[in-house]
Amino acid sequence: MPERFEVGLPDGVRLNVEATGPADAPVTAILLHGWTLDGRAWHRQVDALTTAPDGGAVRVVTYDARGHGRSSCMALPTATLAQLGDDLATVIDTVAPTGPLVLVGHSMGGMTIMEYAHRHPAHFAARTAGLVFVSTTAEGHTHTVYGLSPRIARLIRLAETTGAGVLARCGSWRAPRALLKALQPSLRWMLFGDRCEPADIRLVTSAVARASLRSIGGFRASIGTQHRLDTLAALAHLPAAALVGDRDRLTPPPCAESIAAALPATELTVCPGAGHMLMLERPDVVNAALTGVLSRVLAEPQPRICGTPAPAETGA
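As the structure is a prediction and not an experimental result, all values here were calculated from the model.

Q: Now, about the overall build of the protein: what can you tell me, with residues and values included?
A: Looking only at helices and strands, the protein features 14 helices and 8 strands. A separation threshold of at least 6 residues defines the contact pool for the protein, and within that pool the share at least 24 residues apart is 82%. Carbon and sulfur atoms form 59% of the exposed surface of the protein, whose accessible area is close to 12800 Å².

Q: How would you summarise the side chain of T36 if you had to cite specific residues and measurements?
A: Of note, T36 is situated in the loop between β3 (27–32) and α1 (43–51). With residues up to four places along the chain from it excluded, the contact list for T36 reads H68, A207, V208, A211 and I216.

Q: How would you summarise helix α8 (residues 198–210) if you had to cite specific residues and measurements?
A: Over its 13 residues, α8 runs 19 Å from end to end, which matches the ideal 18 Å to within 8%, given 1.5 Å per residue. Among all positions in α8, only D200, I201, L203, V204, T205, S206, A207, V208 and A209 are buried. Taken together, the buried residues of α8 touch α1, α6 (177–182), α7 (184–191), α9 (213–218) and α13 (278–281).

Q: An account of the confidence of the model for the protein is requested, with residue identities and associated values reported.
A: Scored by pLDDT, the protein has a mean of 90; 88% of the residues are at 70 or more. A low-confidence stretch, residues 303–316 (pLDDT under 50), is modelled with 32 contacts involving residues beyond four sequence positions or located in other chains.

Q: Hey, could you go over the pattern of salt bridges for me, with residue numbers and the actual values?
A: Counting across every chain of the model gives 11 salt bridges. D200 is the partner of R44 in a salt bridge, and the nearest nitrogen-oxygen pair spans 3.1 Å. Linking R44 in helix α1 with D200 in helix α8, this pair joins segments that are 156 residues apart in sequence. Since its relative accessible area comes to 3%, D200 is described here as buried. Bridged by salt links that share partners, the residues D11, R66 and D87 form one connected network.

Q: Tell me about unusual backbone geometry, and name the residues and values.
A: The phi angle at T36 is positive, at roughly 70 degrees, despite the residue not being glycine. On the basis of relative accessible area, T36 is assigned to the buried category, the value being 15%. Within the chain, S135 stands out as a residue other than glycine whose phi angle is a positive 50 degrees. Residue classification places S135 among the buried residues on the basis of a relative accessible area of 0%.

Q: Please set out the packing of α7 against α8 residue by residue, giving values where relevant.
A: Interhelical geometry of α7 versus α8 gives an angle of 105 degrees and a closest axis separation of 10 Å. Here α7 lies roughly perpendicular to α8, going by the angle between them. When α7 is examined against α8, the residues Q184, L187, R188 and L191 are found in contact with a partner set consisting of I201, V204 and T205. Tallied by class, residues from the contact of α7 with α8 come to 4 nonpolar, 2 polar and 1 charged.

Q: Describe helix α2 (residues 81–95), with residues and values.
A: Look at α2: 20 Å from first C-alpha to last across 15 residues, which is about the 21 Å you get at 1.5 Å a residue. Listed in full, the buried residues belonging to α2 are L81, A82, Q83, L84, G85, D86, D87, L88, A89, V91, I92 and V95.

Q: Explain the environment of L84 to me, and be specific about the residues and the numbers.
A: Considering the arrangement of structural elements, one finds L84 in helix α2. You can call L84 buried: its relative accessible area is 3%. In sequence terms L84 and I113 are 29 residues apart; their C-alpha atoms lie 8.6 Å from each other.

Q: Requested: an account of the pairing of strand β2 (residues 14–20), with residues and values cited.
A: When you tally the buried positions in β2, you get 5 out of 7 residues, the bulk of the element. Pairing between strand β1 (residues 3–8) and β2: 6 bridges, direction antiparallel. Note that in β2 the partner of E6 across the bridge is N16. Between β1 and β2, which pair antiparallel one after the other, the connecting turn spans 5 residues, and G12 there sits at a positive phi close to 95 degrees.

Rules used throughout
Residues numbered from 1 in each chain as written. Predicted model: local features only at pLDDT ≥ 70, side-chain atom pairs only at ≥ 80, totals over all residues. Heavy atoms only, no water. Helix = DSSP H or I, 4+ residues; strand = E, 2+ residues; numbered from the N terminus. Contact = heavy atoms within 4.5 Å. Areas by Shrake-Rupley, 256 points an atom, 1.4 Å probe, with all protein chains shown as cover. Expected span 1.5 Å × (residues − 1). Buried < 20%, exposed > 50% of the residue type's maximum accessible area, 1.4 Å probe, protein only. pLDDT = per-residue confidence, 0-100. Salt bridge = Lys/Arg side-chain N within 4 Å of Asp/Glu carboxyl O. Axes fitted to C-alpha atoms, helices over the stretch in contact; angles between N-to-C directions. Parallel < 35°, antiparallel > 145°, perpendicular 65-115°, else oblique. Nonpolar A, V, L, I, M, F, W, Y, C, P; charged D, E, K, R; others polar. Pairing = 2+ DSSP bridges.

Here it is, written out as structure tokens:
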């Protein structure tokens, strides 16, 4: 059974954290979920890693980002990727203060990892040994056209921006479950590819129901404007993988291709027929990529990445 606890942040927000595996495992994998989701999105990866024959070699940590899942809501000005990068640094210091890390991010979670690397470069370099990017981007909404014509995509983005501004002012309220049930066909179209298991759309709908309206609306601007390809280019020495579905309407293949271009040693996987929720749609493929990066990290001499982390530092 996973160990569940809370991590308190400097501004009073409390994050819901779950950890599985021995605390003294040689490597810790931290899995970060996407916008409006929560840590449960990774349940197939957690199960695969913790039931593997060498499961004791890895400690697996998931947590709900501020305003998501079971974590508490936050002040609207802190609904930014920059703050999420700072939160990740705090989680690392609290939950995994020593030893090498493999950071795994889906969508907003991948952008959080990039922001952590940008804002805390010494801290990141001292701890991070491997990276896995799942259905994410380093270029904001540059490539997001929802699988539609650019003209229609612009209209959708305008409506989305207006709606996000309204939701951001709704505080800690949650979306009514009856409304979300009615919106399930739209969620299925937006997030999944050719196939979608009923249990997966139920999980996604449940996660959106747990997210505060402030987080649903508040993070939208930051996500749309982030650009971190230059930050990624400095990480080219790390074992890494990038995965994307060719039916992903939110972070289409050009997003993963630009990440792979910035990290030339990255293994790029494009999954035919899959959408944005790869860890649910193609769990075996995601598990294989994650296991591959972990295996490379475990094979590395540990003194290179172990030791007390450098003090957190915040950049512009």
